[in-house]
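Fold and contact review
As a plain string of letters, each chain reads:
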Amino acid sequence: DAMVIQNPRYQVTQFGKPVTLSCSQTLNHNVMYWYQQKSSQAPKLLFHYYDKDFNNEADTPDNFQSRRPNTSFCFLDIRSPGLGDAAMYLCATSRGYGSGQPQHFGDGTRLSIL
Amino acid sequence: TQLLEQSPQFLSIQEGENLTVYCNSSSVFSSLQWYRQEPGEGPVLLVTVVTGGEVKKLKRLTFQFGDARKDSSLHITAAQPGDTGLYLCAGGRYGGATNKLIFGTGTLLAVQP
């Protein structure tokens, strides 16, 4: 089945130690998104790519970076995680831009900071 | 700023009861999507509504888009424990060039057996 896969499902890192989360998709969608979601709250968009065109949300901290080396993969790098960065990180894809197009989400990576 | 307020924020009901979740905004959206997120998983799309006044049914779930495209509701008939989860509405920007969704504040539903 075509899907959005996130690895790992659970990640524990130390305060200040860089961490990378990965996302892959078999849907061949042009757009990939990274969201941060804290407990039972709505997902908060961090950034998104249309192909290789990168779009950063204005309030995304500089601590967060992203890479999309090809259509299938997208990475979220947190350079110096703080305690406030503990959250669920969700990757999503959509076929393209255009209102009404559904976004397909992975199951997320839950990040804990020690 | 386009905000989508959902109510209620939390809802705990018994199996078999009916419920309605509301999603309201002062802004117009070109489309409205509803997602359900179960614990430990990503949101899953339930429905997309695009026409003012549109009603869609998905088994026991009924979705309605307001006539003015500013609000939406989700009604569940005879709720079951499997309906438990976080329900999120998400609005598509009217005339927007990107598919950035504006997510609602969420409604956490617990259905007790």
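Residues numbered from 1 in each chain as written. Chains lettered and ligands numbered in written order. Predicted model: local features only at pLDDT ≥ 70, side-chain atom pairs only at ≥ 80, totals over all residues. Heavy atoms only, no water.

1. Remarks on the overall build of chain A
- Within chain A, the secondary structure is distributed over zero helices and 11 strands.
- Going residue by residue from the N terminus, the α and β elements of chain A occur as β-β-β-β-β-β-β-β-β-β-β.
- Over its C-alpha trace chain A gives a radius of gyration of 13 Å, about what one expects of a compact globule, namely 13 Å for 114 residues.
- Its C-alpha atoms give chain A principal-axis dimensions of roughly 40 × 30 × 30 Å. (Helix = DSSP H or I, 4+ residues; strand = E, 2+ residues; numbered from the N terminus. Rg over C-alpha atoms; globule rule 2.2 N^0.38 Å.)

2. A short note on the pattern of salt bridges
Residues and elements named next belong to chain A.
- Per the stated rule, a full pass over the model turns up five salt bridges over all chains.
- The closest approach of N and O atoms between K44 and D59, which form a salt bridge, is 3.5 Å. Placement of K44 in strand β5 (residues 44-50) and of D59 in the loop between β6 (53-56) and β7 (64-67) is noted, with a sequence separation of 15 residues between them.
- In this structure, R67 engages D77 in a salt bridge whose closest nitrogen and oxygen atoms are separated by 2.7 Å. Of this pair, R67 sits in strand β7 while D77 is found in strand β8 (residues 73-78), placing the two residues 10 residues apart along the sequence.
- Judged by its relative accessible area of 39%, R67 is partly exposed.
- On the basis of relative accessible area, D77 is assigned to the buried category, the value being 13%. (Salt bridge = Lys/Arg side-chain N within 4 Å of Asp/Glu carboxyl O. Buried < 20%, exposed > 50% of the residue type's maximum accessible area, 1.4 Å probe, protein only.)

3. Comments concerning the interface of chain B and chain A
- On the side of chain A, 25 residues touch chain B, which itself brings 24 residues to the contact.
- A buried area of about 1700 Å², summed over both sides, lies between chain B and chain A, and 54% of it is on carbon and sulfur atoms.
- Along the contact surface separating chain B from chain A lie zero salt bridges.
- Linking chain B with chain A are five residue pairs in polar contact (both at pLDDT 80 or more), by the criterion used here.
- Put simply, the parts of the chain that give the side of chain B that touches chain A at least two residues each are β4 (29-37), β5 (44-49), β9 (85-93) and β10 (101-103) of chain B.
- In terms of residues, the side of chain B that touches chain A owes the most to one element, β4(B), which gives five residues.
- Here the side of chain B that touches chain A is built from residues that sort into nine nonpolar, 12 polar and three charged. (Contact = heavy atoms within 4.5 Å. Buried area = accessible area lost by both parts, 1.4 Å probe. Polar contact = N/O pair within 3.5 Å; in protein donor to acceptor, adjacent residues only side chain to side chain. Nonpolar A, V, L, I, M, F, W, Y, C, P; charged D, E, K, R; others polar.)

4. Some thoughts on the environment of G52(B)
- Locating G52(B) in the fold gives a position in the loop between β5 and β6 (55-58).
- With sequence-adjacent residues up to four places away left out, G52(B) is seen in contact with F65(B), G66(B), D67(B) and R69(B).

5. Focus: the pairing of β6(B)
Residues and elements named next belong to chain B.
- Taken together, the four bridges between β6 and strand β7 (residues 61-65) define a ladder with antiparallel strand orientation. Across the sheet, V55 pairs through a bridge with Q64, a residue of β7.
- Taken together, β6 and the strand that follows it, β7, pair antiparallel across an intervening segment of two residues, in which K59 is found at a positive phi of about 55 degrees. (Pairing = 2+ DSSP bridges.)

6. Concerning the sheet that holds strand β3 (residues 19-24) of chain B
Residues and elements named next belong to chain B.
- Strand order in the open sheet made by the five strands is β1-β3-β8-β7-β6, with antiparallel pairing throughout. Edge strands, defined here as strands with exactly one partner in the open sheet, are β1 (5-7) and β6. Put simply, the sheet's adjacent strands are angled 15 degrees from each other on average, direction ignored. (Axes fitted to C-alpha atoms, helices over the stretch in contact; angles between N-to-C directions.)

7. Considering the packing of aromatic side chains
Residue and element names in this part refer to chain B.
- Under the criterion given, the structure shown has 11 aromatic pairs over all chains.
- Residues W34 and F63 carry aromatic rings whose centres are separated by 6.4 Å and whose planes lie at 45 degrees to one another, so their mutual orientation is tilted. Residue W34 is located in strand β4, and its partner F63 is located in strand β7; the two are separated by 29 residues in the primary sequence.
- In this structure F63 comes out as buried when scored by relative accessible area, which is 0%. (Phe/Tyr/Trp six-rings, centres within 6.5 Å; stacked < 30°, edge-to-face > 60°.)

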